[in-house]
Structure formats: structure tokens, C-alpha cells
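Coordinate analysis (summary)
In case you want the letters, here they are:
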Amino acid sequence: MKSTVMNTIKSKAIWFVLAFLFIGFTIANPRFISTKNLFTIARQVSMYGIAAVGMTFVILIAGIDLSAGSVITLVNIVCAYLMVKAGFGMATAVILSVLMATLIGVLNGFFVSTIGIPAIIATFASQIIFEGAAYLISGGIPIYGFDERFKVIGQGFIGPVPVPVIIMIICFGIGSFILNKSYFGRNFYAVGGNEEAAKLSGIQVGRIKYMIYSLSGFFAGLAGIVMLSRTNSAQPTAGSGYEFDVITCVVLGGVSVAGGHGFMSNVVAGVMIIGCLTNGMILMNVSSYTQMIVKGLVLLFAVGFDCLQKRKSHY
Amino acid sequence: MNEEYVLQLQHIRKEYPGVIALKDVSIEVKPGEILGLIGENGAGKSTLIKCCSGAVIPTSGKILVNGKEFTSMTPQLAAENGIAIIYQEFNNVKGLSAAENLFLGNPIRNGIIVDQKAMEKKAKEVFAQLNININPKTLVGDLTVGYQQMVEIAKAIKQDAKVLIMDEPSAPLTSAEVESMFKICRLLQSKGVSIIYISHRLEEIFELTSRIVILRDGDYITTLETDKSNVNELIRHMVGRDLTESFPPRKDCIEKDHVILELRNLTGNGDQNIDLKLRKGEILGLGGLVGAGRTELAQMIFGCAAVESGKILFHGKEILPKTPREAIDLGIALVPEDRKRHGALLEMCVKNNINMPIYPRISKFSVIDSKTEKKTAEKYKDDLRIKTPTLDQQVKNLSGGNQQKVILGKWLAANSELIIFDEPTRGIDVGAKFEIYKLMNDLVESGKTILLISSELEELMGMSDRIVVLSQGKITGELQKEEFAQDAIMKLAFSVKEEVE
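Residues numbered from 1 in each chain as written. Chains lettered and ligands numbered in written order. Predicted model: local features only at pLDDT ≥ 70, side-chain atom pairs only at ≥ 80, totals over all residues. Heavy atoms only, no water.

If you tally the helices and strands in chain B, you get 17 helices and 24 strands. In terms of overall dimensions, chain B is globule-like: its C-alpha atoms have a radius of gyration of 25 Å, near the 23 Å expected for 501 residues. Principal-axis analysis of the C-alpha atoms gives chain B an extent of 75 × 55 × 50 Å. Here chain B holds 501 residues, and the buried ones make up 53% of them. Just so you have it, chain B exposes about 22,400 Å², and 49% of that area is on carbon and sulfur atoms. Looking at chain B, you have 64 positive and 70 negative side-chain charges, and the mean spots of the two groups are 4 Å apart. (Helix = DSSP H or I, 4+ residues; strand = E, 2+ residues; numbered from the N terminus. Rg over C-alpha atoms; globule rule 2.2 N^0.38 Å. Buried < 20%, exposed > 50% of the residue type's maximum accessible area, 1.4 Å probe, protein only. Areas by Shrake-Rupley, 256 points an atom, 1.4 Å probe, with all protein chains shown as cover. Lys, Arg positive; Asp, Glu negative; His and termini not counted. Charge placed at Lys NZ, Arg CZ, Asp CG, Glu CD.)

Attention now goes to the overall build of chain A. Scanning chain A for helices and strands turns up 14 helices and 4 strands. Against the 2.2 N^0.38 benchmark of 20 Å for 315 residues, chain A shows a C-alpha radius of gyration of 19 Å, consistent with a compact globule. Along the first, second and third principal axes, the C-alpha atoms of chain A reach 60 × 55 × 35 Å. For chain A, the residues scored as buried account for 51% of the 315 residues in total.

Residues and elements named next belong to chain A. Taken together, F88, L96, L99, L103 and V106 make up a surface patch of nonpolar side chains, about 420 Å² in accessible area. By the secondary structure assignment, L99 is in helix 5 (residues 90-115). Residue classification places L99 among the partly exposed positions, given a relative accessible area of 48%. (Patch = residues over 30% accessible without salt bridge, like charges linked within 9 Å, V, L, I, M, F, W, Y side chains within 5 Å. Salt bridge = Lys/Arg side-chain N within 4 Å of Asp/Glu carboxyl O.)

This paragraph deals with the packing of helix 3 (residues 35-60) of chain A against helix 8 (residues 163-180) of chain A. Residues and elements named next belong to chain A. Packing of helix 3 against helix 8 leaves a shortest axis separation of 8 Å and a crossing angle of 15°. Between helix 3 and helix 8, the interaxial angle falls into the category roughly parallel. Here helix 3 and helix 8 pass one another in a crossing that is left-handed. Along the contact surface, helix 3 presents A42, R43, V45, S46, G49, I50, V53, F57 and L60, while helix 8 presents P164, V165, I167, M168, C171, F172, G175, I178 and L179. A class-by-class count of the residues in the contact of helix 3 with helix 8 yields 14 nonpolar, 3 polar and 1 charged. (Axes fitted to C-alpha atoms, helices over the stretch in contact; angles between N-to-C directions. Parallel < 35°, antiparallel > 145°, perpendicular 65-115°, else oblique. Left-handed = near helix turned anticlockwise from the far one by under 90°. Contact = heavy atoms within 4.5 Å. Nonpolar A, V, L, I, M, F, W, Y, C, P; charged D, E, K, R; others polar.)

The next subject is helix 4 (residues 116-129) of chain B. Residues and elements named next belong to chain B. For helix 4, spanning 14 residues, the distance from its first C-alpha to its last is 20 Å, which sits close to the expected 20 Å at 1.5 Å a residue. The set of residues buried in helix 4 consists of M119, E120, A123, V126 and F127. The buried residues of helix 4 occupy an angular sector of 125° when the element is viewed end-on, so they sit on one face. Within helix 4, the exposed residues directed more than 90 degrees away from the buried face are K117, K121 and K124. In the segment just after helix 4, N131 is the residue with positive phi, at about 55°. (Expected span 1.5 Å × (residues − 1). Arc of directions from axis to C-beta.)

Residue and element names in this part refer to chain B. The domain boundaries assigned to chain B delineate domain 1 (7-239), domain 2 (253-331 + 417-501) and domain 3 (342-416). Relative to domain 3, the C-alpha centre of domain 2 lies at a distance of 25 Å. With 17 residues of domain 2 at the contact, the number on the domain 3 side is 15 residues. Buried surface at the junction of domain 2 and domain 3, both sides included, amounts to about 1,300 Å², of which 66% is carbon and sulfur. Considering only the surface of domain 2 that becomes buried against domain 3, I328, E435 and L439 emerge as the three largest contributors, covering 34% of it. In this assembly, domain 2 and domain 3 are joined by 2 salt bridges. (Domains from an automatic or database assignment. Buried area = accessible area lost by both parts, 1.4 Å probe.)

Let us now look at the pattern of salt bridges. Residues and elements named next belong to chain B. A complete count under the given rule lists 25 salt bridges over all chains for this structure. Ionic pairing is found between D219 and K23, a salt bridge with its closest N-O pair at 3.6 Å. Of this pair, D219 sits in strand 12 (residues 219-225) while K23 is found in strand 2 (residues 19-29), placing the two residues 196 residues apart along the sequence. Of the residues examined, D219 reaches a relative accessible area of 29% and is grouped as partly exposed. For D392, the salt bridge goes to K351, with nearest N and O atoms at 3.7 Å.

Across the contact, 22 residues belong to chain A and 32 residues belong to chain B. Taken over both partners, the interface formed by chain A and chain B buries close to 2,100 Å², and the fraction arising from carbon and sulfur atoms is 64%. Per-residue buried area on chain A facing chain B is highest for Y183, R186 and L200 of chain A; these three make up 31% of the total on that side. Joining chain A to chain B, the criterion identifies 1 salt bridge. Between E373 of chain B and R186 of chain A there is a salt bridge, with its nearest N and O atoms 2.8 Å apart. Viewed at the interface, chain B and chain A are joined by 9 residue pairs in polar contact (both at pLDDT 80 or more). Those elements giving two or more residues to the side of chain A that touches chain B turn out to be helix 9 (183-193) and helix 10 (195-200) of chain A. (Polar contact = N/O pair within 3.5 Å; in protein donor to acceptor, adjacent residues only side chain to side chain.)

This part takes up unusual backbone geometry. For residues that are not glycine, phi is negative in most cases, and the peptide bond is trans in most cases. All names here are of chain B. Phi angles above zero are rare outside glycine, and N265 is one such case at about 55°. With respect to the helices and strands, the residue N265 is situated in strand 13 (residues 255-268). Here N265 falls in the partly exposed class, since its relative accessible area comes to 39%. For Q472, which is not glycine, the phi dihedral falls at a positive 45°. As for its position among the elements, Q472 is in the loop between strand 23 (466-471) and strand 24 (474-480). Owing to a relative accessible area of 56%, Q472 belongs among the exposed residues under this scheme.

Residue and element names in this part refer to chain B. Two strands pair when backbone bridges link them, and strand 11 (residues 211-216) and strand 12 are joined in this way by 6 bridges, in the antiparallel orientation. By the bridge assignment, L215 is partnered in strand 12 with Y220. Hairpin connection from strand 11 to strand 12: 2 residues lie between these consecutive antiparallel strands, with D217 at a positive phi of about 50°. (Pairing = 2+ DSSP bridges.)

Structure, rendered in C-alpha cells:
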């Protein structure tokens with residue numbers, strides 16, 4: 001029974017890390033804990049969080065989606081282009097651009113599943129392709145001048161709670177539902193755990209992969225919309241490097257890069273840690289170059305921890 | 001201290017979450033003796049030897065090497081104290097020579113340059129000591145499995161092993177290779193090296209060992225003097241009961257006029273022109289050598305390999321499953337040969353494994369009905385007598401026999417009518433084998449049909465109603481029950497049917 005308690009503590013360890021960070025940054029700078037700052041963190045975090053839902057699925061089947069950042073950028077540009085230059089309505093533009101993001105996911109699924117290109121290469125290629133597409137469409141120049149109402153998605157409040165935070169919570173809810181309550185979740189774990197055995201148990205592995213990469217595209221697309229609304233202008237570099245933070249969030253949340261293991265709830269903690277870390281470092285006047293080093297180290301730490309854990313369980 | 005023993009394990013206990021792998025096991029090894037260690041799968045043999053090598057740290061107990069006391073080992077300490085283990089999977093590098101493998105990790109060096117000549121010379125000496133005829137320059141990958149194992153043994157001896165632990169060393173070997181391995185074992189014994197010999201093959205245990213330690217369910221049962229014991233006594237201690245017959249009887253339940261599966265001229269996946277009829281309630285054995293095309297045939301029927309020409313008829317209707325999913329939905333199931341890689345989802349729990357093929361069916365709008373999920377798992381756990389502490393236990397923590405039962409439970413839950421068993425009892429111990437056989441009987445008696453692929457002739461003859469033998473992708477003959485004989489099967493297995501085109 002003691003071991004069960006230990007296992008519970010271990011599986012929640014990430015939350016202790018979060019609490020530790022919170023206390024640390026508050027001591028370093030009391031402004032960290034102010035309501036205004038906490039909401040800033042929550043809003044900043046929301047875009048990572050939304051994209052992390054899809055990335056969690058991908059990593060759960062031992063895949064990777066390096067195109068997430070480019071998808072975010074492209075959604076920014078395309079949605080802005082549709083609204084400002086093509087004269088589409090706000091809702092139509094949002095739906096079309098998220099649809100486009102999902103289709104990029106389908107395309108990734110095609111290359112990974114049907115053609116059989118390793119995920120890291122297939123999504124790396126689409127990262128480059130769609131980053132290029134974003135430059136091409138925008139001509140390298142930011143697009144702005146949206147309807148005032150568009151701001152609500154990224155900057156609005158319902159009561160005291162920022163709208164993007166609500167969107168993130170809903171996304172996590174959907175993600176957690178898919179993973180725990182629907183049979184798709186079981187299939188994800190099965191494919192991640194042992195693809196061959198999953199196939200022989202009747203799981204249509206190909207379809208699952210299509211589904212997962214599409215979901216990753218979809219959630220990245222949503223994150224792109226939130227970002228566009230928050231910045232109120234579409235930058236051709238908007239999402240550049242975002243995939244790195246999103247992957248770090250997911251891995252920090254204990255989703256095993258080897259596939260088959262992980263919980264959506266812990267990814268929430270992973271997302272919050274990255275948010276606190278970024279925000280806390282800014283408050284402490286840590287230079288952005290140093291921040292890069294710290295984030296890289298955090299990624300190493302998270303994956304290293306996972307690997308050590310694996311090695312222990314061998315004994 | 002007592003110098004009578006080179007290695008003593010005292011009151012070793014090892015607990016895993018929810019499972020006690022070893023309860024208070026004590027054994028002693030005398031210098032220069034070959035000690036047999038036997039027990040069913042899951043009896044704790046592997047855990048025990050891993051305690052000796054340092055791969056597993058015992059929860060409590062002591063390990064004494066030459067009277068020196070250790071509470072736990074590390075791989076380093078074990079090597080320093082002369083304990084060497086030869087695992088079933090060899091630790092060799094196939095692209096390096098025999099000599100280089102012998103010195104893997106600490107090559108003879110001349111400054112920073114590896115002294116190839118000296119290593120080859122030393123390797124020659126070690127091989128000569130063991131009467132092994134290997135050219136030290138040969139790449140290990142080019143050696144037969146038997147010789148690869150000898151290189152492993154030589155490596156252990158080179159490190160001055162006093163106790164050599166061998167885990168199922170004969171499993172991958174041909175009988176001639178087993179003979180030469182025995183010779184080496186005896187040679188080592190004469191030089192004062194002690195050997196702990198683990199094997200499922202009882203005749204080897206009797207031929208080689210002087211004493212036999214028997215474990216069951218993590219308990220130490222007894223130690224027997226080999227020459228005062230016999231096979232029946234061993235089995236009785238291993239399974240805790242007498243095995244009066246190895247194959248349980250069953251009622252004749254074949255419905256002669258009801259053909260479930262018919263293959264007409266089926267060609268593909270290396271098989272040619274396969275004609276086969278399988279009737280309801282029948283167990284049809286598929287005999288032949290490894291690589292004869294039996295697994296390949298099963299793959300075509302189960303939708304994981306393409307059919308080139310010919311027909312598969314199921315219930316008289318032509319089918320062509322393109323994925324396992326389609327085959328499963330038709331009522332066809334496959335219990336694959338490689339349980340761990342293809343059969344069970346080891347990381348997932350018993351409940352998930354059993355429900356895996358039926359999740360779409362027990363879900364409403366993709367939401368799993370968790371009550372049905374639990375009830376189904378519970379039912380097959382009871383029906384198949386799956387031994388697991390809870391339904392949430394990861395399948396990797398179960399014994400081989402119980403893993404096989406979980407896979408079977410999955411197919412029963414999926415309501416399969418035709419179940420293809422590919423080597424169903426490979427690596428499963430005597431007691432669990434008997435249980436699997438009983439379950440197969442229950443299945444056909446309840447109206448299911450079985451296609452049994454097995455390389456164990458006794459199993460094939462004991463379980464099948466009819467045997468069809470394949471050789472090089474073609475059917476070479478069919479035997480009725482009264483014609484069953486080992487030599488008849490082997491004759492067909494080695495023959496190639498000449499066909500006039």
C-alpha cells in the first residue's frame with residue numbers, strides 16, 4: 001500500500017514543482033503574485049495550453065509535430081488576410097483558417113501514416129513549407145486593422161476571467177474527455193504502447209494517426225486565432241519557435257516521448273510551469289538569451305527525468 | 001565462515017507493487033557443482049538470478065559469495081566476485097570479431113591503440129581451454145547461435161567466473177549444439193566452476209545436474225538429489241499436483257456438414273495453392289517446420305497480409321479482409337506467436353486489453369460505457385481463471401500463461417467464432433499449458449472453431465482432430481486422427497510436393 005501512495009506522489013510530482021516555482025518567484029519579486037500578473041500569465045499560457053492539447057495526443061503515440069509553430073503563424077496570416085484583404089466576415093475567416101490548420105494536420109497524417117515518413121522529418125518539412133507560405137501570403141509585412149469585436153477572443157473578459165483562459169480550459173476539458181472517456185483515448189494509449197499489437201487487436205492504426213495529427217493541427221489553429229486576437233496584428237513570425245515551448249510543456253507534464261504514457265491533467269501543470277518560468281524570468285529582468293538557455297535546460301531535465309524513471313522501472 | 005559453498009542466497013525476498021516475486025528463498029551452491037534451477041514460468045527463477053547479478057535488488061535477505069556477505073549486488077560487484085550470467089539474449093556485437101567480443105569493454109591496449117594481435121592470441125588461448133574451435137577473427141554475426149553462446153561462455157570464463165548462471169541456454173540451440181554446450185559445462189565443472197543451470201527441458205536437467213532446486217510461485221519448494229529423483233517427482237513439485245495426462249479429453253463436437261472456413265487455391269504471402277476446409281467445432285492442426293508458411297497463412301486469413309489469388313470462404317461466403325479489424329468484425333481472431341510483441345498491450349491493464357477490440361461496440365457516441373467495460377473484463381477473468389490481483393494490473397506484470405489468457409479473453413469478448421492459435425504454449429510452463437489446452441477444449445465444445453499452428457508435435461497430435469502439414473508454402477499432406485504419428489508428420493514436413501504444371 002505504501003508503494004501506491006508513493007506512486008500517487010510520483011505521478012503528481014509536477015504539481016509540487018509548480019508550487020515551488022510559485023513560492024520562489026514570489027519571494028524574488030512580490031509583484032509576481034499580484035492578480036494582474038497572474039492573469040497575464042494565464043493569458044500568455046493559454047496559447048501554449050491550447051496547442052499542447054493536440055501535441056499531447058501526438059507525443060502519446062510516440063510522434064512529434066514540429067509544424068505547430070508554423071501552423072500558428074499561417075493561421076494568423078490567413079485569418080487576418082481573409083478579414084482585412086478578402087473582406088470575409090469574422091466568423092467565416094476564423095472557421096476557414098482553423099479548418100485549414102486541421103487540413104495541414106491531415107496532410108501530416110498522410111505523410112506519417114500513409115507514406116511512412118518518420119514524424120520528425122515529415123512535420124519538420126511542413127514546418128518549413130508553411131512558414132514559407134505565411135511569408136508568401138503576407139509579403140513579409142504584418143496585417144492589421146480588424147473589427148473591434150475580434151479582440152474579444154484574445155483580450156476579452158467574462159467576469160474576472162480572461163476569455164482565452166476560458167478557451168484553454170474548454171480545450172483541456174475536451175482533451176481530457178477524449179483521452180479518458182472516449183474509446184479513442186484507449187486507442188491512443190494502445191498505439192503509443194505497441195503499434196503492432198494494437199493493429200492486431202483491431203485498432204486501425206492509420207486512421208488513429210490521421211486523427212491525431214488533424215487534432216494537433218486543429219488545436220494549433222485555435223491557438224493561432226487566440227494569438228491573433230491578442231496581438232491584434234498578424235506577424236509573419238508570430239508562431240515561430242512555438243512548437244518548442246508546446247513540446248516542452250507536454251514533456252514537462254510527464255507525457256513519455258517513447259509513447260503510451262501520460263495524463264492530460266499533468267500537462268496542465270507543465271503548461272503553467274512554462275508560463276510561470278517565462279513570466280517570472282521577465283520580472284526578474286533575465287535577458288531573453290538567458291531565458292532560451294533556461295528553457296532548453298528545462299526540456300532536458302523533463303526528458304531526462306522520464307528516461308531515468310524508465311530505467312528504474314526496468315529493475 | 002562456511003567454506004563449503006561458493007554462493008549462498010539466504011532468505012531472499014523481493015516485493016513488487018502488488019506482487020511478491022520471491023518469498024524467503026534460500027539456496028546454496030557448492031564449488032564445482034552443476035545445480036539445476038527449475039520452476040514454472042513466474043515461479044521466480046529469473047528474479048532470483050537477477051538478485052545474484054545485481055540487476056534486481058532484493059527487498060530483504062543476504063547474498064554470500066565465498067562467505068563474504070552482501071545485502072545486495074551491483075553488476076560490478078557480481079563481476080568482481082566471479083558471478084557471471086549468460087542470458088537468453090546474448091550481449092554481443094555482431095559486427096565485431098569473436099576476439100573483440102571477448103574483450104568487449106576492456107580491450108587489450110597499447111597506449112590508446114587497441115592491440116588486435118594480443119587480443120586474438122589471448123582469445124585463442126581461452127577458446128583452446130574450452131576446446132572451442134573458433135577463429136578469433138570471425139565476426140560474431142557470422143557464427144551460428146551455438147558458437148555465439150560459446151563466445152559468451154568464454155567471456156565469462158575469461159573474467160574468472162567462479163559461478164556461471166545459465167538461463168535457458170539450450171533454448172536457441174540445435175541438439176548437436178546442446179551436446180557441445182554440455183561438454184563445455186562439464187569441462188568447466190572439472191575446473192571447479194559452479195554452474196546454475198535453468199531449463200524447462202527436464203531431460204537436460206537430469207543429464208547435467210547433481211542437485212535440483214525447485215521454486216513455485218516465489219516459494220522455495222525443495223532441493224532434490226538428481227540421481228535419486230525422477231521426472232514425475234519434479235513435475236509434481238513444480239505444479240504442486242500430479243500430471244496424469246498432458247492433454248485433457250474432449251467430447252466430439254464437430255458438426256460435419258457445417259464448414260466454417262474454406263480456402264480455395266489460396267496463394268499469397270509465400271504460400272501457394274492452399275486448399276483447406278475447417279468444420280465447426282473442429283481443431284485443425286497445422287504442422288510443418290518453422291518457415292513452412294503456416295504463420296503466413298494465418299496472416300492472410302486475419303487480414304494482415306495480401307492475398308494474391310484464390311478465395312477465402314467464411315460461412316460459405318467469400319471474404320477478403322484487408323485489415324485485422326475487418327477480420328475481427330467477421331468473427332476471426334488471431335492469438336499470435338510472439339505474445340509480448342504482437343499479442344498483449346503489455347503497458348496497459350487487464351481490463352483495457354480484454355476490451356480493446358470491442359471498445360467501439362461498448363461506447364455510445366464514442367464514450368465508453370465503463371460498467372460494461374468492467375463487467376466484460378470481470379467475466380473473462382473468471383471464465384478463463386486469469387490470475388491477477390486487480391483488473392487494473394498492467395499485463396506485463398502477469399505470467400506468460402496469464403498473458404495468453406488475457407489475449408484469449410479479448411477474442412472471446414469480441415465474440416470470435418474462428419480462433420487461430422499460433423504456437424499458443426511457447427514459453428509457457430507445464431501447468432499453464434494444460435490450462436490453455438482445457439480452455440481450447442471448452443472453446444470447441446461451446447461451438448467455436450480452432451486453427452492450431454504448433455511446432456510441438458505432441459501438442460499438435462494431442463489437440464488436433466485433423467492435421468494438415470505444410471512445407472515450403474504448400475500443403476504436403478493431411479492426416480486423420482488414427483494416422484497421427486510423429487514420423488508421419490515429420491516426413492510430410494520435410495517433403496516438397498512435386499506438382500506437374
